[in-house]
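# Reading the structure
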Amino acid sequence: AETLKFLDYTLIDWVDKLVFQQYVTNISSMNITSDDVTVDFQLSHGVSEDGKNTPLYVNANGQEFTTEQVANFRQFYKTLLSVTITDYCVDDEYCKMSESELQSYISDKSNAKLILTYKTLEGKTSELGFYPYSTRHSCVTIDGVGEFYVSTDYVNKIINDAIRLLNGEVIDANGKY
């Protein structure tokens, strides 16, 4: 049995831990909404003369980003890509809600600390919602369905990095929130 450990895996062991898995070159728009910041990003992608690179063009709330701002946006995007689930909400010792109470809580968008909506170049729209139920943990929903939690630190980092981006401050994707 030592070599067949996967036979004892539960569903959480098979779930991909990354919440947001989109190449930036596949995104046409993205909206971040929280009490602290709201930003609407429009992305467009060009092709370099050598055909090897795809330059990224970013517009935030109607303002076109400079080359330096786009580089900073890429750091912000890396922050989004780093968000990982930890475990099931209902198995979390900090979640004091039953499964039905949790579902009711996450069905009310006014409870969300952050909502990220994005649209792919193919026209598919998806929404990630982050619903804090303790100071450290937030239930994450994908298109309205949620059963896993992430660290609220990730949520705070996204919000704070969005503010930094709009204020022209340098973003460290690996830094603290």
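Just so you know, these numbers come straight off a predicted model, no measurement behind them.

About the cut-offs
- Along each chain, the written sequence defines residue order, and numbers are assigned to residues from 1.
- Reporting of local features is limited, given that this is a predicted model, to residues whose pLDDT is at least 70; pairs of side-chain atoms are given and counted only at 80 or more, and all residues count toward the totals for whole chains, interfaces and linings.
- To obtain the side-chain values, all non-hydrogen atoms of the structure were used and water was disregarded.
- Only DSSP runs of H or I with at least four residues qualify as helices, and only runs of E with at least two residues qualify as strands; both kinds are numbered from the N terminus onward.
- Note on definitions: a residue-residue contact is assigned when non-hydrogen atoms from the two residues lie within 4.5 Å.
- Computed with the Shrake-Rupley method and a 1.4 Å probe, the accessible areas treat only the protein chains shown as cover for residues.
- Charged residues are defined narrowly, with Lys and Arg counted positive, Asp and Glu counted negative, and His plus the chain ends left uncounted.
- Charged groups are reduced to one reference atom each: NZ for lysine, CZ for arginine, CG for aspartic acid, CD for glutamic acid.
- Residue burial is assigned from relative accessible area. The probe radius is 1.4 Å, only protein chains are included, and a residue is buried under 20% of its type maximum, exposed over 50%, and partly exposed in between.
- For two strands to be treated as a pair, DSSP must find at least two bridges joining them.
- In what follows, salt bridge is the name for a side-chain nitrogen of Lys or Arg lying within 4 Å of a carboxyl oxygen of Asp or Glu.
- Here the arc refers to the directions that run from the helix axis out to each C-beta atom.
- pLDDT gives the predictor's per-residue confidence on a scale running from 0 to 100.
- Geometry of aromatic contacts follows a simple scheme: Phe, Tyr and Trp rings, the Trp one being its six-membered ring, pair when their centres are within 6.5 Å, and the pair is stacked under 30 degrees between planes, edge-to-face over 60, tilted otherwise.
- Think of a 1 Å grid over just the protein atoms. A cavity is a set of points where a 1.4 Å probe fits yet cannot get out, a pocket is an open set with protein on both sides within 12 Å along at least five of seven lines, and lining residues have an atom within 4 Å of a point.
- Grid points are joined across faces, edges and corners, and a volume is the space filled by probe spheres set on the points.
- Residue polarity follows a fixed list, in which Ala, Val, Leu, Ile, Met, Phe, Trp, Tyr, Cys and Pro are nonpolar, Asp, Glu, Lys and Arg are charged, and the others, Gly among them, are polar.

## Notes on the overall build of the protein
Each helix and strand in the protein was counted, giving four helices and nine strands. For the protein, the succession of helices and strands along the chain, N to C, is α-β-β-β-β-α-β-α-β-β-β-β-α. When contacts within the protein are restricted to residue pairs at least 6 apart in sequence, those whose partners lie at least 24 apart make up 53%. Accessible area of the protein: about 10,200 Å², with a carbon and sulfur share of 49%. Measuring between centres, the 14 positive side-chain charges of the protein sit 4 Å from its 26 negative side-chain charges.

## What about the pairing of strand β1 (residues 27–34)?
Of all eight residues that make up β1, six are buried, and the element is covered over most of its length. Here β1 pairs with strand β6 (residues 114–120) via seven bridges, running antiparallel. By the bridge assignment, T33 is partnered in β6 with I115. As consecutive antiparallel partners, β1 and strand β2 (residues 38–45) are separated by three residues.

## Some words on the pattern of salt bridges
For the coordinates displayed, the defined rule picks out three salt bridges. Here D161 ties to K157 by a salt bridge, and the two come within 2.7 Å at their closest N and O atoms. Note that D161 and K157 are positioned in helix α4 (residues 152–166) at a spacing of four residues, about one turn of the helix. Given the relative accessible area of 7%, K157 is considered buried. Ionic pairing is found between R164 and D161, a salt bridge with its closest N-O pair at 2.5 Å. Taken together, the residues R164 and D161, both in helix α4 and three residues apart, mark about one turn of the helix.

## Looking at helix α3 (residues 99–106)
Residues of α3 that are buried: L102, Y105 and I106. The arc that holds the buried residues of α3, viewed along the axis, is 90°, so those residues lie on one side. In this structure, the buried side of α3 is in contact with β7 (125–132), β8 (137–142) and β9 (145–151).

## Quick word on the confidence of the model for the protein
When pLDDT drops low, the exact placement of atoms in the prediction is not to be read closely. Averaged over every residue, the pLDDT of the protein is 90; residues scoring 70 or more account for 92%. Across the protein, element-level confidence peaks in β6 with a mean pLDDT of 98 and bottoms out in helix α1 (residues 11–14) with 62.

## Quick notes on the packing of aromatic side chains
For any pair of aromatic rings, the description consists of the separation of the ring centres together with the inter-plane angle of the planes. Per the stated rule, a full pass over the model turns up nine aromatic pairs. Every member of this aromatic cluster is reached through a ring pair, and the members are F20, F41, F73, F76, Y77 and Y118.

## Observations regarding empty space enclosed by the protein
Evaluation of the coordinates by the stated rule reveals one cavity of 30 Å³ or more. Approximately 30 Å³ is the volume attributed to the largest cavity. Taken together, V19, F20, L80, V83, L116, L128, F130 and I158 make up the full set of residues lining the largest cavity. When the residues that make up the lining of the largest cavity are grouped by side-chain class, the tally is eight nonpolar, no polar and no charged.

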